[in-house]
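In case you want the letters, here they are:
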Amino acid sequence: DFLDFVRYSNPVMAIVENVPDYQTSTSMEVIRSVLKSLGYRLFECILDGAVFGAFESRSRMALVAYTEGAFEPLRLDQITPLRTKERSLKDLMDVVPETDESWKCYDYLGRKEERDIASGKGFRRQLLTPEATSCGCIGRGYAKARSTEPFIRHPRNPALSRLLTVSEHARVKTIPVEI
């Protein structure tokens, strides 16, 4: 596992990233304790992808464990974006014809949203236009077309929407399309 790898390879630096809530978990306490016992200094922060150049507004907990003396103590203000976020979703979109089969009616998701609103839940659909300036988190099961993940609205028919294409998904997450 990760901690055994660190223990036996003794890298100068090790990085852990996860959801922000992981920062207060018992597992994270164990990771901190072991890394400290191995002599590492720890730096932790929460990073927002959109601030650091990703179109997806996704917060991540980051921990950097580093060998004392290898670096100056790390600070949040030292972290700078590697790229500039696109101005709008349009800059990331593929050309998808209005008649393409990817445009579908997701009435059941609209009905689910209405039920969620009526019961006081905060779940809402993400129906994006090309003018959108960010999108919310895209989860592991995105292809399942779940209610709270991003869909692109059809340009003319409000009853239709589609999921991001594979290439659009990669671009939104700043993953090279060729991967």
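Residues numbered from 1 in each chain as written. Predicted model: local features only at pLDDT ≥ 70, side-chain atom pairs only at ≥ 80, totals over all residues. Heavy atoms only, no water.

A positive phi angle, close to 50 degrees, is found at Asn 10, a residue other than glycine. Along the chain, Asn 10 turns up in the loop between helix 1 (2-9) and strand 1 (13-18). Among the residues examined, Asn 10 registers a relative accessible area of 54% and is labelled exposed. Positive phi, normally seen in glycine, also occurs at Thr 174, with a value near 60 degrees. Note on placement: Thr 174 falls in the segment after helix 4 (166-172). Judged by relative accessible area, Thr 174 falls into the partly exposed class, the value being 35%. (Helix = DSSP H or I, 4+ residues; strand = E, 2+ residues; numbered from the N terminus. Buried < 20%, exposed > 50% of the residue type's maximum accessible area, 1.4 Å probe, protein only.)

For helix 2 (residues 26-37), with 12 residues, the first-to-last C-alpha span of 17 Å sits near the 16 Å given by 1.5 Å per residue. Taken together, the buried positions of helix 2 are Met 28, Ile 31, Arg 32, Val 34 and Leu 35. Residues of helix 2 that are buried in the fold lie against helix 1, strand 1, strand 2 (40-48) and strand 3 (59-67). Gly 39 occupies a position one or two residues after helix 2 and carries a positive phi of about 95 degrees. (Expected span 1.5 Å × (residues − 1). Contact = heavy atoms within 4.5 Å.)

What the rule picks out here adds up to 13 salt bridges. Of the charged contacts in the structure, one is a salt bridge between Glu 17 and Arg 60, with a shortest N-O distance of 2.7 Å. Of the two residues, Glu 17 is situated in strand 1 and Arg 60 in strand 3; the sequence distance between them amounts to 43 residues. Of the charged contacts, one joins Arg 83 and Glu 86 as a salt bridge, the two residues approaching to 2.6 Å between their closest N and O atoms. Among the residues examined, Arg 83 registers a relative accessible area of 32% and is labelled partly exposed. Linked through salt bridges whose partners overlap, the residues forming this network are Glu 29, Arg 32 and Glu 44. (Salt bridge = Lys/Arg side-chain N within 4 Å of Asp/Glu carboxyl O.)

The next point concerns the nonpolar core. Within the largest apolar cluster, 18 residues are counted, with the highest numbers of intra-cluster contacts made by Leu 89 and Val 172. For Leu 89, the contacting residues outside a window of four places in its chain are Phe 55, Leu 128, Thr 129, Pro 130, Ala 132, Ile 152 and Val 172. (Core = buried A, V, L, I, M, F, W, Y, C linked by side-chain atoms within 4.5 Å.)

The next thing to look at is the sheet that holds strand 5 (residues 126-128). Strand order across the open sheet formed by four strands is 4-7-6-5, with mixed pairing between neighbours. The outermost strands of the open sheet, each flanked by one partner alone, are strand 4 (104-105) and strand 5. The pairing of strand 4 with strand 7 (residues 160-162) spans two bridges and is classified as antiparallel. The residue of strand 7 that forms the bridge with Cys 105 is Leu 160. (Pairing = 2+ DSSP bridges.)

Before going further, it helps to spend a moment on the sheet that holds strand 1. On the basis of which strands lie adjacent, the open sheet formed by three strands has the order 1-3-2 and antiparallel pairing. Two strands in the sheet have a free side with no partner beyond their single neighbour: strand 1 and strand 2. When the angles between neighbouring strand axes are averaged without regard to direction, this sheet yields 15 degrees. In this sheet, strand 3 lies alongside strand 1 in antiparallel orientation, the contact comprising six bridges. Within strand 3, the position partnered with Glu 17 by the bridge is Ala 62. Strand contacts of helix 2: strand 1, strand 2 and strand 3, with the helix running at about 145 degrees to strand 2, the strand carrying the most contacts. (Axes fitted to C-alpha atoms, helices over the stretch in contact; angles between N-to-C directions.)

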